[in-house]
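Here's the letter readout for the chains.
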Amino acid sequence: MSDLPYRFEPTATAAELHERFDSLDAGAETDDTVTIAGRLLLRRVQGKLAFGQLQDSTGRIQLFCPAQVTERFEEFGNLDLGDWIGATGEMMKTRKGELSVRVREWVLLAKARRQFPDKWHGLSDVDTRYRQRYVDLWVTDEARRAFQIRSQVVSSMRRRLEAQGFVEVETPLLHAIPGGALARPFITHHNTLDIDLYLRIAIELHLKRLVVGGLERVFEIGRVFRNEGIDPRHNPEFTMLELYQAYADYEDMMRLTEELVAGIAEEVVGTTRLTYGGQALDLTPPWRRATMNELIAEHAGVEVDLEMDVDALRKIASGFDVPVDDDWGPGKLILEIYEKTTESELWGPVFVTDYPQEVSPLARAHRSKPGYVERFEPIVAGRELGNAFTELTDPDEQRARFEEQARLKAAGDEEAMIVDEDYLRALEYGLPPTGGLGIGIDRLVMLLSDAQNIRDVILFPTLRPEQER
RNA sequence: GCGCCUCUAGCUCAAUGGCAGAGCAACGGACUCUUAAUCCGCAGGUUCAGGGUUCGAAUCCCUGGGGGCGCACCA
């Protein structure tokens, strides 16, 4: 029978105590009684005097425990590193100037039956860090920091969007028709309906239905699933912000993006001038705008255009070692050339604009450039941070785009879309001019926490299951 | 999916074909101002698993497993 308490009531956190009492002089004693709780992560017993370092979610505070003052002193000295305890005592500073709680009463809240990692070296095996995040969070300062930043980023994002009149919604994760992006979905099954359902690969189509429904500014921050490879920038489930704004176009979305990201950076890390992977990264608006074709010319040294002969584009692509598929039109060829030669070279931030329509089935045709759409991707540190466009609103045009996608699907393209009749019906009721934007939250947090691996900003990244021993 | 690298005590790491080791943690002891406390003592292992080569394997080879990086795919 365990005699561990069912409840405990700390009156202060480590951070609060430092804020209130750091100004004490070395050797000072007070009558201020506090109760704190946390894990004992360091301990130094010295005969009739013991010191402990208690860590809670806000930081660390020293416990000062003379045998004459601290109850059950012998037992206190036998605590293991990692034990959860609660302690009550008076605030003081040691002669050496370390702020401490002089512990009178204390209670064991939970026993650490497994040994904690080395107090100095911590955990370096990344596999263990990801699998046992509950340990990692205690012993790896950067891990705690990254997830604090993540929390603040999402919180700041919500507040900023709400302040601009955006309404947050939740739409289904289980989709009968996967859509809104070009990606392979996870498939699952509903027993009672006896139908296959897909974990969503994007939020897009439901949110645009809501704009049809009169939610003129709408957003969702939520999990999206793509059945693709895992690498330092990709996790099969990741978090996206998607937002849609009636009456806006992609120029509005560019302004919104740079202001949102810069505002969040300012609020969360205090500056828009970051260092990412040792290189300076300045998120201060305005960000550069450049068309895909201009950037290809800059970085690959070749002029490409949809007007060009397909065979000429094929030749250019092959020249850059792009494996060319016979089915690809000029738009897909240009995109592949861009991704192979240019994208990873862009440090940014830069808005890459004016994508070929062929690879953008949900974006509206460019108002002045035939064959192109009003779409951009914000590129930062050589990677896409998001995707946005002036939304395609014409139901007939959308049907034609879906049918072209369905043709590609039939030809073997597993990432192509299929016709979504209900979405077309919604468009037939009328979607106003609308700007849409998606931002990868994980990627944004990586930038702001200087993380080189997406797993460092996802608490429990997807891993192979451990084998039974 | 392919290629390269990696896996040794709870943690961090040595030992590169010749007796499996250290620091921290644990365990026993000393110590009333420590800061990774210090000092003395004592334990701790299916070297990821299985097979092979060898007088002898943590080390070399093969198969399998976990992880990392790169490529492919993608945001």
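The rules behind each value
- Residues numbered from 1 in each chain as written.
- Chains lettered and ligands numbered in written order.
- Predicted model: local features only at pLDDT ≥ 70, side-chain atom pairs only at ≥ 80, totals over all residues.
- Heavy atoms only, no water.
- Patch = residues over 30% accessible without salt bridge, like charges linked within 9 Å, V, L, I, M, F, W, Y side chains within 5 Å.
- Areas by Shrake-Rupley, 256 points an atom, 1.4 Å probe, with all protein chains shown as cover.
- Salt bridge = Lys/Arg side-chain N within 4 Å of Asp/Glu carboxyl O.
- Lys, Arg positive; Asp, Glu negative; His and termini not counted.
- Charge placed at Lys NZ, Arg CZ, Asp CG, Glu CD.
- Helix = DSSP H or I, 4+ residues; strand = E, 2+ residues; numbered from the N terminus.
- Near = heavy atom within 4 Å.
- Polar contact = N/O pair within 3.5 Å; in protein donor to acceptor, adjacent residues only side chain to side chain.
- Nonpolar A, V, L, I, M, F, W, Y, C, P; charged D, E, K, R; others polar.
- Buried < 20%, exposed > 50% of the residue type's maximum accessible area, 1.4 Å probe, protein only.
- Pairing = 2+ DSSP bridges.
- Axes fitted to C-alpha atoms, helices over the stretch in contact; angles between N-to-C directions.
- Parallel < 35°, antiparallel > 145°, perpendicular 65-115°, else oblique.
- Left-handed = near helix turned anticlockwise from the far one by under 90°.
- Contact = heavy atoms within 4.5 Å.
- 1 Å grid on protein atoms, 1.4 Å probe; cavity = no way out; pocket = protein on both sides within 12 Å on 5 of 7 lines; lining within 4 Å.
- Points joined across faces, edges and corners; volume = space filled by probe spheres on them.
- Expected span 1.5 Å × (residues − 1).
- Arc of directions from axis to C-beta.

Focus: a negative patch on the surface
A surface patch of negative charge is lined by Glu228, Asp325, Asp326, Asp327, Asp413 and Glu415. Relative to the assigned elements, Glu415 resides in the loop between α11 (395–410) and α12 (421–429).

Focus on the protein's contact with RNA strand B
Looking at RNA strand B, there are 51 residues lining it, with Arg44, Lys96, His234, Asn235 and Arg455 nearest. Sugar and phosphate atoms constitute 59% of the interface atoms of RNA strand B, taking the interface as everything within 4 Å of the protein. The side chain of Arg43 places a nitrogen or oxygen atom 3.4 Å from a phosphate oxygen of RNA strand B. Between RNA strand B and the protein, one listed contact pairs a phosphate oxygen with a backbone N or O atom of Arg464 at 2.9 Å. With 5 residues, the top contributor of residues to the surface near RNA strand B is strand β1 (residues 29–46). Of the residues that constitute the surface near RNA strand B, the class distribution is 14 nonpolar, 14 polar and 23 charged.

As for the pairing of strand β3 (residues 59–66)
Among the 8 residues of β3, 6 are classified as buried, and the element is accordingly described as predominantly covered. Taken together, the 8 bridges between strand β2 (residues 49–56) and β3 define a ladder with antiparallel strand orientation. Following the sheet pairing, Asp56 is matched in β3 by Gly59. Between the antiparallel neighbours β2 and β3 lie 2 residues. Relative to strand β5 (residues 99–110), β3 runs parallel, the two being bridged by 3 bridges. Paired with Gln62 across the strands is Ser100, a residue of β5.

So, the pattern of salt bridges
Pairs can form between side chains of opposite charge once their charged atoms are near each other. One pass over the structure, following the stated rule, counts 38 salt bridges. Where Lys208 meets Glu204, a salt bridge forms, and the shortest distance between an N and an O atom there is 2.7 Å. Taken together, the positions of Lys208 and Glu204, both in helix α6 (residues 204–212) and 4 residues apart, correspond to about one turn of that helix. A single burial state applies to Lys208 and to Glu204, both of which are buried.

Points about the packing of helix α9 (residues 310–319) against helix α10 (residues 330–341)
Across the interface, α9 lies against α10 with an axial gap of 10 Å and an inter-helix angle of 20°. As far as their axial angle goes, α10 and α9 are roughly parallel. Crossing hand, α9 versus α10: left-handed. Packed against α9, whose contacting residues are Val310, Leu313, Arg314, Ile316 and Ala317, the element α10 presents Pro330, Leu333, Ile334 and Ile337 at the interface. Classifying every residue of the contact of α9 with α10 gives 8 nonpolar, no polar and 1 charged.

Some details on empty space enclosed by the protein
Overall, the coordinates contain 2 cavities of 30 Å³ or more when judged by the stated rule. Of the voids in this model, the largest cavity is the one considered here, and its volume is about 60 Å³. Contributing to the lining of the largest cavity are Arg233, Tyr276, Val380, Ala381, Arg383, Glu384, Leu385, Arg443, Met446 and Leu447. Taken together, the elements giving at least two residues each to the lining of the largest cavity come down to β17 (383–384) and α13 (441–449). Residue contributions to the lining of the largest cavity peak at 3 residues, all from α13. Grouping the constituent residues of the lining of the largest cavity by class yields 6 nonpolar, no polar and 4 charged. Approximately 40 Å³ is the volume found for the second largest cavity. Of the residues that constitute the lining of the second largest cavity, the class distribution is 7 nonpolar, no polar and 3 charged.

What about the pairing of strand β13 (residues 279–282)?
Pairing of strand β12 (residues 273–276) with β13 involves 4 bridges; the strand directions are antiparallel. Pairing of Leu274 across the sheet is with Leu281, part of β13. Between β12 and β13, which pair antiparallel in sequence order, lie 2 residues; one of them, Gly277, sits at a positive phi of approximately 55°.

Details of the sheet that holds β2
The 5 strands lie next to each other as β1-β2-β3-β5-β4, forming a closed barrel whose pairing is mixed. Neighbouring strand axes in the sheet, compared pairwise and without regard to direction, differ in orientation by 50° on average. Sheet contacts for helix α1 (residues 14–21): β1, β2, β3, β4 (84–93) and β5; angle to β3, the most-contacted strand, approximately 75°.

Quick word on the sheet that holds strand β8 (residues 187–190)
With antiparallel pairing, the 3 strands of this open sheet are ordered in space as β7-β9-β8. Strands at the two margins of the open sheet, each flanked by one partner only, are β7 (174–175) and β8. Sheet analysis places β7 next to strand β9 (residues 195–199), joined by 2 bridges and oriented antiparallel. Note that in β9 the partner of Leu174 across the bridge is Leu199.

What to know about α11
Along its 16 residues, α11 runs 22 Å from first to last C-alpha, staying within 8% of the 22 Å computed at 1.5 Å per residue. When α11 is considered as a whole, its buried residues turn out to be Pro395, Gln398, Arg401, Phe402, Gln405 and Leu408. On an axial view of α11, the arc spanned by its buried residues comes to 135°, and they lie on one face. Turned more than 90 degrees away from the buried face of α11 sit Asp396 and Ala410, all of them exposed.

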